[in-house]
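As a plain string of letters, each chain reads:
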Amino acid sequence: MPDGAAPVLDVKDLKTVFRTRAGDIHAVNSVSFSLKPGELLGVVGESGSGKSVTMMSLLGLLPSPPAEVREGEVLLAGRDLLKATPEGLRKVRGREVGFVFQDPMTSLNPVFTVGFQIMEPLRKHMKMDRRRARARAVELLNLVGIPDAERRLKDFPHQFSGGMRQRVMIAIALACDPKVLIADEPTTALDVTIQAQILELVKELRQRLGMAIIWITHDLGVIAGIADRVLVMYGGQVVEHGPVREVFANPAHPYTRALLQTVPKLREPREAKLKVIEGQPPILGAHPSACPFRARCEFAFDRCHRQNPPRRDIGKGHDTACFWDHRTGAPV
Amino acid sequence: MSADTGEGRRKLVEVTNLKMHFPILGGLLRRQVGSVKAVDGVSFDIYEGETLGVVGESGCGKSTCGRAVLRLYDITEGSIRIDGTEIGRMSQTQLRRLRPKMQMVFQDPQACLNPRMTVAAIIAEPLEEHGRLSGKERLNRVYELMDAVGLNRNFANRYPHAFSGGQRQRIGIARALALNPKFIVCDEPIAALDVSIQAQVVNLLEELQDRFGLTYMFISHDLSMVRHIADRVAVMYLGKIVELAPRDGLYEKPLHPYTEALMSAVPEPDPDIEARVERIILTGDVPSPSNPPEGCNFCTRCPKVMDICHRIDPEFREVAPGRFVACHLHDATQPQSRTRTGQTGATTRSEHIQQGEDA
């Protein structure tokens, strides 16, 4: 992928707030990132770190109320999606941006055949007639590796296994040749051997179709295997971002460093005791005025309690939101 | 923590040919038309003070196996001896007296705690059921347990919803510990938790094991976590144990093709390793346990399948000291290990060296 290419998706300062009876929850705080054509951006974080909410905000998929996208810009090929009408957004979803959700059972409609559900976006967005949509649906099922595609179009979701259902979801997301594919924990509900199948499939599809992918997961291993760049989220913010090899080799943010140490490895020497990140993730009751990780951070000093660190560039396309310098081990 | 073959140590749990079949009812009269063979003839021992890890994909019967060992089900066939007592055929009334010895930690900390009971009441419940403590002694014991699992005593009167997932799992662990059990079945205790919280709970379980001399059966689908916590590991596939071996041996050189594929599928959080790893991608899905294939259960997906695998179910047997496997690839190994001691001796020696390093 050429470095200078214009991004297909450019997100700037996105802020999403949930208004609840117990007060506002600031789920996404000034998140910015961009996606270049053909690249795979991995997004990691724990539950509640705001990774899914960020992606749902992009396409207006959050119910409002309670959700409210307060600020920001989401430029898809130069057009701001946050300013689009509901009608306009509907044309984008499924057509220009495909979405694959975590749970393949609940995201397929159980009362329609798989064929109907794959053909739906084709007929709505591409205005295909029934015959052409059918032919395309067979092609798509073959593409995602479902054998005997012609016959399986007539089957209902419950007749497919979990891995096969996720393949169907991917087929639906790919139906209209989207520019961007957003996959929200697509393999989390699957077993490791099935996950390996899906990951192989995605690698292959990327080479063949060359679309840009955002891959949300909490599994650092998956990111290490497939992503070009990685975005680490914590407490509704991007705390670290950079090329995958660079971030894994030289993690800069104390959270990323701790996270990489706390996961036991399968292929490296076994440690007697697991390293632990003490404490709990923060509850985002207010707009952050200090570093969200300060309570669990071993390097926190007084400035971290007073000011929310902005993202600063540390070279090689790598940036981190931290006042502590991992190279000198001292405040910046 | 030694991962030896277990000679000279006491077996706390002995399971022989355990079967748990669930009936499938059908037709107008709800007659039995078939059965789901969730656990289909597994045998294993757990030594006192060790952790046996049980791994496998969803639907392989690992949770059912854990529950059946504690007789939360009426088992179809087989024998279970815990601490010398045969419980396979016992009635639930008789079992009640033995419950204090064997406890369980459940997967979903949200679902296994009664939302209308305070933490103190939840932890005290087993004490009321089985103990003869006065109210005050009971409360003291509850505080003691809360300290042991790292919960703040001041929260004793709060309700489960006020706690995070990791803390709820601690409440579940405190409840399991209340009666000083010897044996605890941990059924996916960390699967519902975040990565940064998983390590906290696993470390807690290890600390408690050292302190109270507990024996665990640790059921999980997370192979890297099992490698961390277990002394020996059993790999299950479609209701059967396909391989059972000491941890280091198993992870270094898996003998069963399924174990090999399972391990190769685990993604490693290191891009350099990821680029090198050669994945064995299994095709297809796990067959239905109500209609397992003829011969070896794994023959439909096995990359090393042979003719014999479609006809004869391989026997689960010891192919090297402490290493059990059910695979025709190792059919020939059996007689060798009996007659040609040279080869076996070499294997044993290398395993002993590993233990030395480990200790």
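For the structure, check the block above.
Cut-offs applied
Residues numbered from 1 in each chain as written. Chains lettered and ligands numbered in written order. Predicted model: local features only at pLDDT ≥ 70, side-chain atom pairs only at ≥ 80, totals over all residues. Helix = DSSP H or I, 4+ residues; strand = E, 2+ residues; numbered from the N terminus. Rg over C-alpha atoms; globule rule 2.2 N^0.38 Å. Buried ≥ 20, exposed ≤ 12 C-beta atoms within 10 Å, placed from the backbone. Contact = placed C-beta atoms within 7 Å. Nonpolar A, V, L, I, M, F, W, Y, C, P; charged D, E, K, R; others polar. Pairing = 2+ DSSP bridges. Axes fitted to C-alpha atoms, helices over the stretch in contact; angles between N-to-C directions. Core = buried A, V, L, I, M, F, W, Y, C linked by C-beta atoms within 7 Å.

Within chain A, the regular secondary structure consists of eleven helices and 14 strands. At 21 Å, chain A has a C-alpha radius of gyration in line with the 20 Å of a compact globule built from 332 residues. Taking all 332 residues of chain A together, 46% fall into the buried category.

On the chain A side, the residues contacting the 32 residues of chain B number 36 residues. Looking at the side of chain B that touches chain A, the elements with two or more residues in it are α6 (195-212), α7 (223-229), α9 (257-265) and α10 (271-276) of chain B. In terms of residues, the side of chain B that touches chain A owes the most to one element, α6 of chain B, which gives six residues. Of the residues belonging to the side of chain B that touches chain A, the class tally is 16 nonpolar, eight polar and eight charged.

With that settled, the discussion passes to helix α10 (residues 254-262) of chain A. Here α10 of chain A has its buried residues at P254, Y255, T256, A258 and L259 of chain A. Where the residues of α10 of chain A are buried, they touch α8 (220-226), β9 (229-234), β10 (237-243), α9 (244-249) and β13 (324-325) of chain A together with α6 of chain B.

Residues and elements named next belong to chain B. Topologically, Y251 is positioned in helix α8 (residues 247-252). Residue Y251 is classed as buried on the basis of its 20 C-beta neighbours within 10 Å. When the C-alpha atoms of Y251 and A230 are compared, they prove to be 11 Å apart, with 21 residues separating the residues in sequence.

Here the focus is the sheet that holds strand β12 (residues 319-320) of chain A. Residue and element names in this part refer to chain A. With mixed pairing, the eight strands of this open sheet are ordered in space as β6-β7-β8-β3-β9-β10-β12-β11. Of all strands in the sheet, those bounded by a partner on one side alone are β6 (97-100) and β11 (312-313). Looking at chain direction, β10 and β12 are connected through two bridges and run antiparallel. From the neighbouring strand, H241 faces β12, where its bridge partner is D319. Taken strand by strand, helix α6 (residues 162-174) contacts β6 and β7 (180-184), and its axis lies near 170° from that of β6.

Before going further, it helps to spend a moment on the environment of C302 of chain B. Residues and elements named next belong to chain B. Here C302 is to be found in the loop between α10 and β11 (317-320). Along the chain, C302 and G172 lie 130 residues apart, while their C-alpha atoms are 39 Å from each other. Beyond its immediate stretch of four places on either side in the chain, C302 contacts P257 and C309.

Counting residues in each nonpolar core, the largest one holds 191 residues, and the members touching the most others are A171, V180 and I214 of chain A together with A174, M217 and V235 of chain B. Sorting elements by how many residues they give to this core places α6 of chain A first, with eight residues.

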